[in-house]
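# Architecture at a glance
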Amino acid sequence: MSSWKLILPCTRAEAEAIDADDEALFGIEPMPVLLTSERIEDDPDHWQLEAFFESKPNSAALDAVRALVPSAKGVKAVAERIRDADWVTLSQAGIEPVHAGRFYVHTATNKGRVPEGATVFRIDAGLAFGTGTHETTSGCLVALDQLKHEGKRFENVLDLGTGTGLLAFAALHLWPRAYATASDIDARAVAVTGENAALNGVKPGGGQGALALAVAAGVEHPLLIGRAPYDLVIANILAGPLIELAPSIGAVLAEGGTLILAGLLKGQAEAVAQAYRRQGLRLVRRAGRGDWPTLTLTKRVRYGTERVTRLSRGRGEAPGFGSW
């Protein structure tokens with residue numbers, strides 16, 4: 001048996017905006033599997049979309065996939081025939097395992113030799129961004145590891161724009177008694193996170209040491225609001241959304257809480273940091289991995305009558321705005 005593969009150029013922004021529930025794809029039966037990856041390392045303008053079909057796609061199916069990446073409008077969409085299921089291996093070919101801080105991340109096909117004492121996660125390549133192979137994700141892993149080395153303790157963690165769940169898994173490993181929440185605007189990414197959680201032994205649920213999931217744009221979701229304030233928020237998304245979300249992220253971050261930001265380019269770091277300074281945060285550390293910096297910030301503590309305090313909660317009860 002054979003499958004068919006279509007490759008189209010795109011940008012990183014287009015790759016992250018792909019919606020598997022796009023109406024244009026509804027007419028394709030069965031639905032194609034979509035994967036995105038970098039063509040040129042650290043270049044947001046040179047990414048690619050791979051679409052895998054179980055049977056030869058017609059012109060309407062090819063046009064529907066091409067419409068997902070507007071920059072490929074002038075590119076002829078031609079699907080090539082491949083051996084059935086070969087795409088699973090091919091999609092992960094060339095992806096090297098990542099050793100970032102204490103963490104070692106690999107796919108199903110590239111485990112390699114695990115460094116002694118490393119914490120291992122298996123995150124297979126897929127549509128969702130953030131497998132651990134990119135500097136933004138690696139930078140966040142290093143930032144989390146450094147916070148642990150500094151003796152930081154967190155009770156309530158939010159991984160905003162989780163992608164594959166990797167950063168939430170890492171945070172739960174470092175602070176295993178924390179409440180943890182992971183969200184993404186893409187329902188497929190949230191589904192992938194659930195699958196990866198099971199693969200890596202991460203318990204689902206809303207209690208301590210478990211991971212709660214939500215499909216949400218930003219923090220405007222009852223679950224995310226209800227579990228706030230968070231003393232650690234991780235947001236590995238694009239600079240534009242990070243700036244736009246600064247007021248709402250600042251609002252759900254507890255006083256004295258820590259915020260890790262990534263997904264921005266070197267030239268965008270100051271604008272992103274400034275957006276969060278306006279929300280009462282200060283930059284603690286800027287770490288660089290190639291052209292992709294990782295920012296660690298903390299929210300200033302207010303004093304006097306304006307200071308927000310949180311009442312103690314009962315044992316086993318998830319934190320929430322209602323306990324402020």
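Residues numbered from 1 in each chain as written. Predicted model: local features only at pLDDT ≥ 70, side-chain atom pairs only at ≥ 80, totals over all residues. Heavy atoms only, no water.

A few words on the pairing of strand 6 (residues 103-106). Across the two faces of strand 6 the burial is the same, with Phe103 and Val105 and Tyr104 and His106 all buried. Between strand 5 (residues 98-100) and strand 6, which pair antiparallel and follow one another directly, the connecting turn spans 2 residues, one of which, Gly101, has a positive phi of 65°. As judged from the 4 bridges shared by strand 6 and strand 7 (residues 119-122), these two strands associate in the parallel manner. In the strand pairing of strand 7, Phe103 is matched with Thr119. (Buried < 20%, exposed > 50% of the residue type's maximum accessible area, 1.4 Å probe, protein only. Helix = DSSP H or I, 4+ residues; strand = E, 2+ residues; numbered from the N terminus. Pairing = 2+ DSSP bridges.)

Turning our eyes to something else, we now look at the environment of Asn196. Relative to the elements of secondary structure, Asn196 occurs in helix 6 (residues 187-199). By relative accessible area, Asn196 is classed as buried at 6%. The spacing of Asn196 and Thr164 is 32 residues in sequence and 7.0 Å in space, taken between C-alpha atoms. Those residues in contact with Asn196 that sit more than four places away from it in its chain are Arg122, Ile123, Asp124, Thr164 and Phe169. (Contact = heavy atoms within 4.5 Å.)

Leu141, Leu144, Trp175, Leu211, Leu232, Ile234 and Ile260 are the most contacted members of the largest nonpolar core, which has 32 residues in total. Secondary structure elements with two or more residues in this core: strand 5, strand 6, helix 4 (135-149), helix 5 (166-174), strand 9 (179-184), strand 11 (230-236) and strand 12 (253-262). A total of 8 residues in this core trace back to one element, the largest contributor, which is helix 5. Residues Leu242, Val272, Tyr276 and Leu295 belong to the second largest nonpolar core, which totals 29 residues. (Core = buried A, V, L, I, M, F, W, Y, C linked by side-chain atoms within 4.5 Å.)

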